[in-house]
Each structure stands twice: as structure tokens, then as C-alpha cells.
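Listed below, chain by chain, are the residues.
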Amino acid sequence: MAVDRRLTIRPHVGRGASVSLEPIDRQLTTQQAATLLGVSRNTLVRLLDEHELPFERLGESRHRRLRLQDVLAYRDRKREERRSRLDEMTRQAHDDGLSDADASDYAGALRRARVQ
């Protein structure tokens, strides 16, 4: 497992990206979770109110905490949904004759872009 993680981290470090190792059960504040997701804190609070993400309250406090694991799972789920929608739109554009390239060309270009 440790070797697998090093192989996953190496390309990011090689590009000069920041890498952080955190326990998966770590608790995040709403601001930390919002930053991780790339949304405003207000947007995150709306997602919590809409039950898009699980959270816990600290006792009787109004402060909420989210598990890192839940935030990462939400982020991955949303990324996959966006990719699926984009793939479907690309296929539809090709089927409708709106594109000279086929869906596999776009998929390859997207894969290359995601690696960079």
C-alpha cells in the first residue's frame, strides 16, 4: 500500500505541486471543506442544508464539522458526474454531425489534459 501511494504522489511532486497526507477520518471545518472543494463557504453550507454532504455538529454549537473522507468522496462523485455529462455531450455532438472528430478523439484529449 505504501508503495502504491508513493507512485501516486510522485508525478505531483515532480511537477512541483503541493502534497499533503492526512488521516482519512480527519474532521474539517466548513471553510476547510469549502477550500478543498473549490467553492465558497456559503455554497458549502447550502450543500450541507440540502443534505448533499453529511456533517456533525459540535455539541449544542452551530459549528459543523465534516469528515475528510466524505468531502473527498463528494468531490470524486461530482468529478465523475461532470466527466460523464461531458462525454455524453461529446457523443451527442458527434451523432448530430456537429463535430468532425469522434468521441474517442475527445476522450483521448481529455485524458492528456487531465495528466498535465
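Note that the structure is predicted; figures quoted are calculated from it, not measured.

J.: What am I meant to see in the packing of aromatic side chains here?
T.: In this description, a pair of aromatic rings is defined by centroid distance and the angle of the planes. Taken as a whole and judged by the stated rule, the model has zero aromatic pairs. Sitting over the ring of Phe55, Arg64 keeps its end group 5.1 Å from the ring centre.

J.: How should the side chain of Thr90 be read in this particular structure?
T.: Inspection of the secondary structure assignment puts Thr90 in helix α4 (residues 68-95). In this structure the side chain of Thr90 is engaged in a polar contact, spanning 2.8 Å, whose partner is the backbone oxygen of Leu86.

J.: When you look at helix α2 (residues 30-37) in this model, what are you seeing that I'm missing?
T.: An α-helical segment advances 3.6 residues per turn. Residues three or four places apart therefore align on the same side. Along α2, the residues that are buried comprise Thr30, Ala33, Ala34 and Leu37. Looking down the long axis of α2, one finds its buried residues gathered within 100° of arc, a one-sided arrangement. Among the structural elements, β1 (27-28), α3 (41-49), β3 (64-67) and α4 are those in contact with the buried residues of α2. Of the residues flanking the end of α2, it is Gly38, one or two places downstream, whose phi is positive at about 75°.

J.: Please explain the packing of α2 against α3 as it appears in this structure.
T.: Two quantities define a packed helix pair, namely the angle between the axes and the distance from one axis to the other. Relative to each other, α2 and α3 sit at 105°, their axes nearing to 8 Å. With respect to α3, the element α2 is oriented roughly perpendicular. Residues Thr30, Gln31, Ala33, Ala34 and Leu37 of α2 touch α3, and the partners they reach there are Arg41, Leu44 and Leu48.

J.: Help me understand the pattern of salt bridges in this model?
T.: For side chains bearing opposite charge, pairing can occur when the charged atoms are close. A full pass over the atoms with the stated rule returns six salt bridges. A salt bridge links Arg64 to Asp49; its shortest N-O distance comes to 2.9 Å. Of this pair, Arg64 sits in strand β3 while Asp49 sits in helix α3, placing them 15 residues apart in sequence. Given a relative accessible area of 14%, Arg64 falls into the buried group. Taking relative accessible area as the criterion, Asp49 reaches 47% and is therefore assigned partly exposed.

J.: I would appreciate a short explanation of the packing of α2 against α4 in the present structure.
T.: Taken N-terminus to C-terminus, the directions of α2 and α4 make an angle of 30°; their axes are 10 Å apart at the nearest point. Overall, the two elements α2 and α4 adopt an arrangement that is roughly parallel. Considering only the axes of α2 and α4, their crossing is right-handed. Across the interface between the two elements, Ala33, Leu36 and Leu37 of α2 pack against Leu68, Val71, Leu72, Tyr74 and Arg75 of α4.

Rules used throughout
Residues numbered from 1 in each chain as written. Predicted model: local features only at pLDDT ≥ 70, side-chain atom pairs only at ≥ 80, totals over all residues. Heavy atoms only, no water. Phe/Tyr/Trp six-rings, centres within 6.5 Å; stacked < 30°, edge-to-face > 60°. Lys NZ or Arg CZ within 6 Å of the ring centre and 35° of its normal. Helix = DSSP H or I, 4+ residues; strand = E, 2+ residues; numbered from the N terminus. Polar contact = N/O pair within 3.5 Å; in protein donor to acceptor, adjacent residues only side chain to side chain. Buried < 20%, exposed > 50% of the residue type's maximum accessible area, 1.4 Å probe, protein only. Arc of directions from axis to C-beta. Contact = heavy atoms within 4.5 Å. Axes fitted to C-alpha atoms, helices over the stretch in contact; angles between N-to-C directions. Parallel < 35°, antiparallel > 145°, perpendicular 65-115°, else oblique. Salt bridge = Lys/Arg side-chain N within 4 Å of Asp/Glu carboxyl O. Left-handed = near helix turned anticlockwise from the far one by under 90°.

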